[in-house]
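# Structural overview for review
Each chain, letter by letter, is given below.
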Amino acid sequence: MSTVELTKENFDQVVSDNGFVLIDFWASWCGPCRQFAPVYDSASERHPDLVFAKVDTEAQQELAAAFEIRSIPTLMIVRDNVAVFSQPGALPEAALEDVIGQARKLDMDEVRKSVEEQKRAAEAGQGQPEPQ
């Protein structure tokens, strides 16, 4: 499967319509991004059941800012509308395969439960005085 170009217009739909999306945040002037591109494209051919997408950080600055992308390339994996992985740097092929394998094995019920617990803890912590 070829990669999908993500924009602020189609991002939400692509991510919500697909249970497992890998996103490569990149720019054409970035040397490490150009080195990572063939590794990413090759992985997309080995995993046709997953959606491989790219965000051109120059053309989609709002999207890059929304995800606080500070370094490119950055790889993000979104499963069931939850970002389960985000890491800057060009991954070698073996490392990319390992990350995909780990993301496939995640128990998303456990992940959602953990996200909810973190959200509740953060909300409970608001408005409480700082310990002296």
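Residues numbered from 1 in each chain as written. Predicted model: local features only at pLDDT ≥ 70, side-chain atom pairs only at ≥ 80, totals over all residues. Heavy atoms only, no water.

The protein goes by Thioredoxin in an unreviewed UniProt entry, where it is assigned to Streptomyces microflavus. Under the UniProt heading Sequence similarities (unreviewed entry), the entry covering the protein gives this text: "Belongs to the thioredoxin family." (UniProt positions renumbered as here; feature names shortened; annotations may be inferred.)

## Some points on the pairing of strand S5 (residues 82–88)
Alignment of strand S4 (residues 74–79) against S5, held across six bridges, turns out to be antiparallel. Among the inter-strand pairings, Leu-75 is bridged to a residue of S5, identified as Gln-87. Two successive antiparallel strands, S4 and S5, enclose a turn made up of two residues, where Asp-80 displays a positive phi of approximately 50°. (Pairing = 2+ DSSP bridges. Helix = DSSP H or I, 4+ residues; strand = E, 2+ residues; numbered from the N terminus.)

## Some thoughts on the sheet that holds S5
Sheet architecture is open: five strands sit in the order S1-S3-S2-S4-S5, paired in mixed fashion. Taken across any chain shown, the strands that pair with only one partner, and hence form the sheet edges, are strand S1 (4–5) and S5. Seen against the sheet, helix H4 (residues 93–105) touches strand S2 (20–26), strand S3 (51–56), S4 and S5 and runs at an angle of roughly 20° to S4. Contacts between helix H5 (residues 108–125) and the sheet are confined to S4 and S5, with S5 contributing the most and set at about 85° to the helix. (Contact = heavy atoms within 4.5 Å. Axes fitted to C-alpha atoms, helices over the stretch in contact; angles between N-to-C directions.)

## Some points on the pattern of salt bridges
Counting across every chain of the model gives eight salt bridges. Residue Glu-93 is joined to Arg-46 by a salt bridge in which the shortest nitrogen-to-oxygen separation is 3.3 Å. Remark: Arg-46 occurs in helix H2 (residues 31–46) and Glu-93 occurs in helix H4; sequence separation between them is 47 residues. According to the relative accessible area criterion, Glu-93 is partly exposed, its value standing at 39%. (Salt bridge = Lys/Arg side-chain N within 4 Å of Asp/Glu carboxyl O. Buried < 20%, exposed > 50% of the residue type's maximum accessible area, 1.4 Å probe, protein only.)

## Notes on the pairing of S4
For S4, the tally of buried residues reaches six of six residues, placing the bulk of the element in the interior. Neither face of S4 is left uncovered, since the one carrying Thr-74, Met-76 and Val-78 and the one carrying Leu-75, Ile-77 and Arg-79 both have all their residues buried. In this structure, S2 lies alongside S4, joined through six bridges in antiparallel fashion. Residue pairing in the sheet places Leu-22 in a bridge with Ile-77 of S4.

## Things to note about the packing of aromatic side chains
For the coordinates displayed, the defined rule picks out four aromatic pairs. Site record: aromatic cluster; members linked through ring pairs are Phe-11, Phe-25 and Phe-67. Its guanidinium or amino end placed over the ring of Trp-26, Lys-54 lies 5.5 Å from that ring's centre, counting from NZ or CZ. (Phe/Tyr/Trp six-rings, centres within 6.5 Å; stacked < 30°, edge-to-face > 60°. Lys NZ or Arg CZ within 6 Å of the ring centre and 35° of its normal.)

## Observations concerning the nonpolar core
Ranked by internal contacts, the top residues of the largest apolar core, which has 20 residues, are Leu-6, Phe-11, Ile-23, Phe-25, Val-55 and Ile-72. Going through the elements one at a time, helix H1 (11–17), S2, S3, helix H3 (61–66) and S4 are the ones with two or more residues in this core. Counting residues per element, this core draws most heavily on S2, at four residues. If we ignore the near neighbours within four places in the chain, the residues touching Phe-11 are Leu-6, Ile-23, Leu-63 and Phe-67. (Core = buried A, V, L, I, M, F, W, Y, C linked by side-chain atoms within 4.5 Å.)

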